[in-house]
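Spelled out, the chains give:
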Amino acid sequence: MSTPSNPVQDRPSEPQIQEAARSAVAQYEGQAGNLLPILHAIQDALGYIPDTAVPTLVEALQLSRAEIHGVIQFYAHFRDQPAAAIVLEVCRAESCQAMGAEHLAQHARQQLGCDFHGSSANGKVTLEPVYCLGLCAQSPAVMIDGKPHARMTPAKLDQLLHAKGYDA
């Protein structure tokens, strides 16, 4: 998933949003159950799924706005607002929980000053939960901007965020 470098300045224009929606619909036209791949394609292109893309999907897929919004809201992966420049995902699966992920999550919340699905006060980091990164033998794990990191500690997390340009 791509993420705009500055969520405020890099918001796509309305023509870009409509082009992304039409392109995604065309790419998966005729495929059964195509709503999820279409939503992924829009988010990959724009960094999130703008509300103004939904009417195009309603018309093309013959679904209601409520059905499409329901899917966007149900899946934690989908965003309806742009993410910050840095996206931190903390694994919430059982193995990571058993190895200290809750302590790590609490540290991240405290350092960033936000909860899951929120962004730091300075707008530089978005904090998201993720349910298994496949690094169970190396728990706890996080992903920063799509890159997994294992055997994570609060100190290591602070170093990684600092290296990405985040300072509390």
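This text follows the structure it describes.
Residues numbered from 1 in each chain as written. Predicted model: local features only at pLDDT ≥ 70, side-chain atom pairs only at ≥ 80, totals over all residues. Heavy atoms only, no water.

(A) Inspection of the overall build of the chain at higher detail. Within the chain one finds 7 helices and 5 strands. Tracing the chain from N to C terminus, the helices and strands come up as α-α-α-α-β-α-α-β-β-β-β-α. Against the globule reference of 15 Å for 168 residues, the chain gives a C-alpha radius of gyration of 17 Å, in line with a compact fold. Looking at the 168 residues of the chain, the share that counts as buried comes to 45%. In the chain, once contacts between residues fewer than 6 apart in sequence are set aside, the share between residues at least 24 apart is 61%. Surface summary for the chain: the accessible area is close to 8,700 Å², and the carbon and sulfur share equals 53%. (Helix = DSSP H or I, 4+ residues; strand = E, 2+ residues; numbered from the N terminus. Rg over C-alpha atoms; globule rule 2.2 N^0.38 Å. Buried < 20%, exposed > 50% of the residue type's maximum accessible area, 1.4 Å probe, protein only. Contact = heavy atoms within 4.5 Å. Areas by Shrake-Rupley, 256 points an atom, 1.4 Å probe, with all protein chains shown as cover.)

(B) Structural detail: the environment of histidine 69. Mapped onto the elements of the fold, histidine 69 is located in helix H4 (residues 65-74). Sequence spacing of histidine 69 and aspartate 51 is 18 residues, and the spatial spacing of their C-alpha atoms is 8.7 Å. Setting aside its immediate chain neighbours within four residues, histidine 69 contacts Asp51 and Val54.

(C) Molecular detail of the sheet that holds strand E4 (residues 142-144). One open sheet holds the 5 strands; their spatial order is E2-E3-E1-E4-E5, and the pairing between them is mixed. Here the strands that pair on one side only, and so sit at the sheet edges, are strand E2 (118-119) and strand E5 (147-149). When strand E1 (residues 86-91) meets strand E3 (residues 125-130), the two strands line up parallel, connected through 6 bridges. For isoleucine 86, the partnering residue across the bridge sits in E3 and is valine 125. Sheet strands touched by helix H7 (residues 154-163): E1, E4 and E5. Its angle to E4, the strand with the most contacts, is close to 10 degrees. (Pairing = 2+ DSSP bridges. Axes fitted to C-alpha atoms, helices over the stretch in contact; angles between N-to-C directions.)

(D) Seen up close, the pairing of E3. The buried fraction of E3 is high, at 6 of 6 residues. Burial of the side chains of E3 extends over both faces: Val125, Leu127 and Pro129 are buried on one face and Thr126, Glu128 and Val130 on the other. Relative to E3, E2 runs antiparallel, the two being bridged by 2 bridges. Counted as the bridge partner of serine 119 is threonine 126 from E3. Where E2 hands over to E3, the hairpin turn is made up of 5 residues, of which glycine 123 adopts a positive phi near 75 degrees.

(E) Looking closely at the pattern of salt bridges. As enumerated under the stated definition, the model contains 7 salt bridges in all. Between glutamate 19 and arginine 22 there is a salt bridge whose closest N-O contact spans 3.8 Å. Highlighted residues: glutamate 19 and arginine 22, both in helix H1 (residues 14-27), separated by 3 residues, approximately one helical turn. Glutamate 19 gets classed as partly exposed once you look at its relative accessible area, which sits at 45%. Its salt-bridge partner being aspartate 51, residue arginine 65 comes within 3.8 Å of it at the nearest N-O pair. Highlighted residues: arginine 65 in helix H4 and aspartate 51 in the loop between helix H2 (35-46) and helix H3 (54-61), separated in sequence by 14 residues. Exposure remark for aspartate 51: the relative accessible area of 43% places this residue in the partly exposed category. Counted as one network, the salt bridges with shared partners bring together Arg92, Glu102, Arg109 and Asp115. (Salt bridge = Lys/Arg side-chain N within 4 Å of Asp/Glu carboxyl O.)

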